[in-house]
Amino acid sequence: MSETRNGKRGAFKVPFGTISIPEQTKRMIADLLESRRLSSGRYVREFEKRFADLLQVEEAVAVSSGTDADVLALSVLHDYGAHRGDEVIVPALSFVATGSAVVHAGFRPVFVDIERETLNIDTRLIEGAITQKTRAILPVHLMGKPADMDAITAIAKRHKLFVIEDAAEAHGAFYKDRPVGGIGDMGAFSLYLAHIISTCEGGIVVTHNEEYAGILRSLRSHGRACKCRICILNTTPDRCPNRFKNIEDRRFTNERIGYSCKMNELEAAIGLGNLDLYEEILEKRRRNLFHILDRFEEFHPFLSTMREGPGERIGPMAIPIIVQEGAPFTRAELTSFLEERGIETRPLFSSIPTQCRGFEYMGYRLGQFPKAEYVGTHGVHIGVHQDLGEAEMDYVLETLRELLRRYGFRGTEGAG
Ligand SMILES: Cc1ncc(COP(=O)(O)O)c(C=O)c1O
């Protein structure tokens, strides 16, 4: 099996996540520490510019986490007439942050069940959840598989709603030739460790709309009146020309309720190193993903995963594995079997409204989101990242075969 990029291997043979830190990043970080210019500045701006180019959008605004990216994108809606308590439509199955972000931005999440095959929001159920108070749809591209953006965009247009994509897990994903995250009004990415592009901790919002980007820049810095790009540069030669125009000090005048969630220079340096490696990382992850997906039919009918549909490209975040009805083992047994053999797992999230205790106050009842709840109790996801290769993917396949053999199932190995 291949060594990890950093020459070390953790306790797991197939760890869940990794982060790539090339040599040039280490040098940049050493120089930054020497300069002591560490808070948001030139590298953050450069990272934003390159991320926007990659997503084929006009603007990108870097923040300190993917959750903040969701919260800030949603908070922009307050500048366009949305009120506290208005509603945002969200898939029931996602990482819990998708639901919490809606609450933190001052809205009420209205949950909609998912499709088990795609793990994404069931667009046929969205219109039934729209009320007078609905302001936005927040689809999630879970595991890097694009949600049905044509259907979502059409519904949003009919009902005059914003679309904010939670693309936290979907770097490198495409929907009909368009990068996912750049299709709706705004797209929110996580840049946390295990993600395709990482800054260690971090997030970024992308948009085609300059005005939204200005509001996002204001929001991430306490709602300050100055929204210009120069104000994020902590260097003296680039002083903001508008700072004292018609106002005492624009940088210290606060015109909306904001947050404190800027990205710092050290994180941006890691992000720039990741962008240098982006194509390589993506290609390795896709090779790993399809090594498993192309052979997964042999585990039918006991285990399922996802597929790449026509007109879409998955940006692989991880590999989902769902124990199907009638399987002779439980998810707990699958999890222990994999973990005991060095394959790290994560549960495939939960139905946010009915399986996450923090959302009990909303009054949803178990059984209201049968598909999300099924995946929430029967799904896991495992690593697909760039420090893994064919040997590790073969090891995963062989371990799953061993599990099935243990239950007397011979499988169809090699059937493709
Ligand atoms: C779908 C989804 N949304 C939001 C987030 C939050 O991102 P972060 O952990 O960077 O806050 C994540 C985390 O990976 C996620 O998977």
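The structure we're discussing is the one just above.
The following paragraphs examine the structure supplied in this document. Remember, it's a predicted structure, so these values are computed and weren't measured experimentally.

Structural notes on the sheet that holds strand β16 (residues 379–382)
Pairing between the strands of a sheet is mediated by backbone hydrogen bonds and can be parallel or antiparallel.
Part 1: Within the open sheet, the 4 strands sit side by side as β11-β13-β16-β14. Their pairing is antiparallel. Edge positions in the sheet fall to β11 (303–304) and β14 (345–347), since each of these pairs with one other strand and no more.
Part 2: Pairing between strand β13 (residues 319–323) and β16: 4 bridges, direction antiparallel. By the bridge assignment for β16, Ile322 is matched with Gly379.

Topic: unusual backbone geometry
Part 1: The omega angle of the peptide bond from His300 to Pro301 is 5 degrees, so this bond is cis rather than trans.
Part 2: If you check the backbone angles, Met143 has positive phi at about 60 degrees while not being a glycine.
Part 3: Note on placement: Met143 falls in the loop between β5 (134–137) and α5 (149–159).

Focus on the nonpolar core
Part 1: Core analysis: the biggest nonpolar cluster contains 111 residues, and Leu74, Ala136, Ile204 and Val205 have the highest contact counts within it.
Part 2: Element by element, the count of residues in this core is highest for helix α2 (residues 42–55), at 6 residues.
Part 3: In this structure, Ile204 is in contact with Phe51, Ala60, Val61, Ala62, Val63, Ala69, Phe189 and Leu191, ignoring residues within four places of it in sequence.

Description of the pairing of β13
Part 1: When you tally the buried positions in β13, you get 5 out of 5 residues, the bulk of the element.
Part 2: Of the two faces of β13, both are covered, the one formed by Ile319, Ile321 and Val323 as well as the one formed by Pro320 and Ile322.

Details of the site of the ligand
Part 1: Taken together, the neighbourhood of the ligand is formed by 15 residues, with Ser65, Gly66, Thr67, Ala168 and Ser190 sitting nearest.
Part 2: The leading source of residues in the shell around the ligand is helix α3 (residues 66–75), at 3 residues.

A closer look at α2
Part 1: A rise of 1.5 Å per residue sets the reference length of α2, with its 14 residues, at 20 Å; its end C-alpha atoms lie 20 Å apart and thus fit the reference within 8%.
Part 2: When we look at burial in α2, the residues that qualify are Tyr43, Val44, Phe47, Glu48, Phe51, Ala52 and Leu55.
Part 3: Where α2 is buried, its residues contact β1 (59–63), β8 (178–179), β10 (203–207) and α7 (265–276).
Part 4: Two residues or fewer after α2 comes Gln56, characterised by a positive phi angle close to 60 degrees.

The rules behind these values
Residues numbered from 1 in each chain as written. Predicted model: local features only at pLDDT ≥ 70, side-chain atom pairs only at ≥ 80, totals over all residues. Pairing = 2+ DSSP bridges. Helix = DSSP H or I, 4+ residues; strand = E, 2+ residues; numbered from the N terminus. Core = buried A, V, L, I, M, F, W, Y, C linked by C-beta atoms within 7 Å. Buried ≥ 20, exposed ≤ 12 C-beta atoms within 10 Å, placed from the backbone. Contact = placed C-beta atoms within 7 Å. Near = placed C-beta within 6 Å. Expected span 1.5 Å × (residues − 1).

Purely geometric numbers; function is a separate question.
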